[in-house]
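Here is what each chain is made of, one letter per residue.
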Amino acid sequence: QVQLVESGGGMVQAGGSLTLSCVASGRTFANVPMGWYRQAPGKEREFVASVETGGYRRYTDSVKGRFTVSKDNAKNTVSLRMNSLKPEDTAIYYCYAERLFGDDYWGQGTQVTVSS
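Residues numbered from 1 in each chain as written. Predicted model: local features only at pLDDT ≥ 70, side-chain atom pairs only at ≥ 80, totals over all residues. Heavy atoms only, no water.

### Describing the pattern of salt bridges
Oppositely charged side chains can pair when the atoms bearing their charge come close. In total, this model carries 5 salt bridges according to the counting rule given. A salt bridge links Arg 58 to Glu 52, with the nearest nitrogen and oxygen atoms 3.2 Å apart. Relative accessible area serves as the criterion here: at 35%, Arg 58 is assigned to the partly exposed category. Its relative accessible area of 17% is what places Glu 52 among the buried residues. Between Asp 61 and Lys 64 there is a salt bridge whose closest N-O contact spans 3.0 Å. (Salt bridge = Lys/Arg side-chain N within 4 Å of Asp/Glu carboxyl O. Buried < 20%, exposed > 50% of the residue type's maximum accessible area, 1.4 Å probe, protein only.)

Put into C-alpha cells, the structure is as follows:
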C-alpha cells in the first residue's frame, strides 16, 4: 500500500522559513515526478513545485526565488524549503507523486501558517 506522509508544517512569522518533507512508502518513486500543491482557505488547490523526470524542477511564479524543491530517490522523499514566507503562503501543503495509470498519490497535508 502506497503512503505519502508530510511533516514540517507549522506557524512562522512573515519573512521566516520552513522546510516540508514527504516520505513515500510502498513502492519506489525514483523515476516518478513528485512535488507539492497547496490549498488556502476558500481557494482551489494549486500547484507549487515539482521535480520532474530527469531532475527538472518546476515552480509556480509566486514562489520562484523563495522556495526550493528537492527529491532524494534513495530515500524516497521530496522536500520543500520555503524562505521569505509571506502571509499569502498560508495553506495546507500536499505532497504528491504522479501515477502513470490511475489517480496520483497524495499525502494527507500539512498546515503552514504565516503571520504578518
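### Some remarks on the nonpolar core
Among the nonpolar cores identified, the biggest contains 28 residues, and Trp 36, Leu 80, Met 82 and Tyr 93 are the most heavily contacted of them. The set of elements that each furnish at least two residues to this core consists of strand E3 (18-25), strand E4 (34-39), strand E5 (46-51), strand E7 (67-72), strand E8 (77-82), strand E9 (91-97) and strand E11 (110-115). Those residues within four positions of Leu 80 in sequence are excluded, and the remaining contacts are Leu 18, Thr 19, Leu 20, Trp 36, Val 48, Ala 49, Phe 67, Thr 68, Val 69 and Tyr 93. (Core = buried A, V, L, I, M, F, W, Y, C linked by side-chain atoms within 4.5 Å. Helix = DSSP H or I, 4+ residues; strand = E, 2+ residues; numbered from the N terminus. Contact = heavy atoms within 4.5 Å.)

### Focus: the environment of Asp 72
By secondary structure assignment, the location of Asp 72 is in strand E7. Once the C-alpha coordinates of Asp 72 and Val 23 are considered, the two residues, 49 residues apart in sequence, prove to be 9.8 Å apart. Among the polar contacts made by the side chain of Asp 72, one reaches the main-chain amide nitrogen of Lys 75 at a distance of 3.1 Å. (Polar contact = N/O pair within 3.5 Å; in protein donor to acceptor, adjacent residues only side chain to side chain.)

### As for the packing of aromatic side chains
The full count for this structure, using the stated rule, is 5 aromatic pairs. Measuring from ring centre to ring centre gives 5.6 Å for Tyr 37 and Phe 47, while their planes differ by 80 degrees; the resulting arrangement is edge-to-face. Taken together, the residues span a long stretch of sequence, with Tyr 37 in strand E4 and Phe 47 in strand E5 at a distance of 10 residues. Judged by centre distance (5.3 Å) and plane angle (70 degrees), the rings of Tyr 37 and Trp 106 are edge-to-face. With a gap of 69 residues between them, Tyr 37 in strand E4 and Trp 106 in strand E10 (residues 105-106) connect regions that are remote in the sequence. (Phe/Tyr/Trp six-rings, centres within 6.5 Å; stacked < 30°, edge-to-face > 60°.)

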